[in-house]
Every structure is written in C-alpha cells, then in structure tokens.
Amino acid sequence: MMRLLAVLALIGLSGCSKQEAVRTGLIDAGVSGPVADCMSAEMAKRLSVAQLRKLSRAAARPGEASSGLTVSQYIDRANRVGDPQVVAVTAAAAAYCAAIR
C-alpha cells in the first residue's frame, strides 16, 4: 500500500488519474485485478487524497499475506486507519465488486 502513496504524489506529474492510482494501490495491497478495477472507481469518487493516503499506511503486518487478500482481510486492514468513512467506502466497494464478479 505504500505504493499508493507514491502514486498519488505523482498524479499531477504523470497525468494518471486518481482512479488509476487507487487501482494500482489496491493491486499492490493484494486485491485481485478485476476487483481492484471495480473498487477503484467508487473509492476515487468518494474518498479524498488525504483519506487514500491514510489507507496506504494500512500495509501488511509481519506474518500477514501481501497478496491474494480476501475482501474481509482487506477491510480489516482498512479498519486500521481509524477513519469510519474510509472503512465504510472501502467495505461497500469491496462487497459490491465481489458480488458482481
């Protein structure tokens, strides 16, 4: 998830969109590509850059998986940031995207 922070910092310089930065961060955090594609749209719309930076700090702890995360595992990590809106948006996006995939 640290990569999400770096990607967000480069948004203005590289011309990539906020959504693409979120997608890249989700994939780097272990979320599957198709689910990350779906989640990134909603998260980019509903979360601020500051909130996304908080989320980028919820990286894997020692002994935790860094790839192939379940929706539940990713939401547990999002919960670490202590921002209820981040958790709510992440959980809603994850649940919706997992359901339609």
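Rules used throughout
Residues numbered from 1 in each chain as written. Predicted model: local features only at pLDDT ≥ 70, side-chain atom pairs only at ≥ 80, totals over all residues. Heavy atoms only, no water. Buried < 20%, exposed > 50% of the residue type's maximum accessible area, 1.4 Å probe, protein only. Helix = DSSP H or I, 4+ residues; strand = E, 2+ residues; numbered from the N terminus. Arc of directions from axis to C-beta. Contact = heavy atoms within 4.5 Å. Axes fitted to C-alpha atoms, helices over the stretch in contact; angles between N-to-C directions. Parallel < 35°, antiparallel > 145°, perpendicular 65-115°, else oblique. Left-handed = near helix turned anticlockwise from the far one by under 90°. Nonpolar A, V, L, I, M, F, W, Y, C, P; charged D, E, K, R; others polar. pLDDT = per-residue confidence, 0-100. Disulfide = S-S within 2.5 Å.

1. Description of helix 6 (residues 71-79)
Phase 1 of the analysis: Those residues of helix 6 not exposed but buried are Tyr74, Arg77 and Ala78. Mapping the buried residues of helix 6 onto a view down its axis gives an arc of 100 degrees, with all of them on the same face.
Phase 2 of the analysis: If you follow the buried residues of helix 6, they end up packed against helix 3 (18-28), helix 4 (33-46), helix 5 (49-56) and helix 7 (84-100).

2. Quick look at the packing of helix 3 against helix 4
Phase 1 of the analysis: Interhelical geometry of helix 3 versus helix 4 gives an angle of 135 degrees and a closest axis separation of 8 Å. Relative to helix 4, the element helix 3 is oriented oblique. Crossing of helix 3 against helix 4: the hand is right-handed. In this structure, helix 3 contributes Lys18, Gln19, Val22, Arg23, Leu26 and Ile27 to the contact, and helix 4 contributes Gly33, Ala36, Asp37, Met39, Ser40, Ala41, Met43 and Ala44.
Phase 2 of the analysis: Of the residues belonging to the contact of helix 3 with helix 4, the class tally is eight nonpolar, three polar and three charged.

3. Some thoughts on the side chain of Ser40
Phase 1 of the analysis: By secondary structure assignment, the location of Ser40 is in helix 4.
Phase 2 of the analysis: Once residues within four sequence positions are removed from consideration, Ser40 is found in contact with Gln19, Val22, Arg23 and Leu26.

4. A look at the confidence of the model for the protein chain
Phase 1 of the analysis: Per-residue confidence for the protein chain gives a mean pLDDT of 81, with 84% of residues at or over 70.
Phase 2 of the analysis: Per-residue pLDDT, averaged within each element of the protein chain, yields its smallest value for helix 2 (residues 11-14) (44) and its largest for helix 4 (91).
Phase 3 of the analysis: Below pLDDT 50 for its whole length, residues 10-15 participates in five contacts with residues either more than four positions away or in separate chains.

5. A closer look at the state of the cysteines
Phase 1 of the analysis: Following the criterion strictly, the structure yields one disulfide and no others.
Phase 2 of the analysis: The disulfide that involves Cys38 links it to Cys97, with 2.1 Å between the sulfurs. The disulfide joining Cys38 to Cys97 has a torsion of about -75 degrees about its S-S bond and is therefore left-handed. Residue Cys38 is found in helix 4, and its partner Cys97 is found in helix 7; the two are separated by 59 residues along the sequence. Accessibility assignment for this pair places Cys38 and Cys97 in one class, buried.

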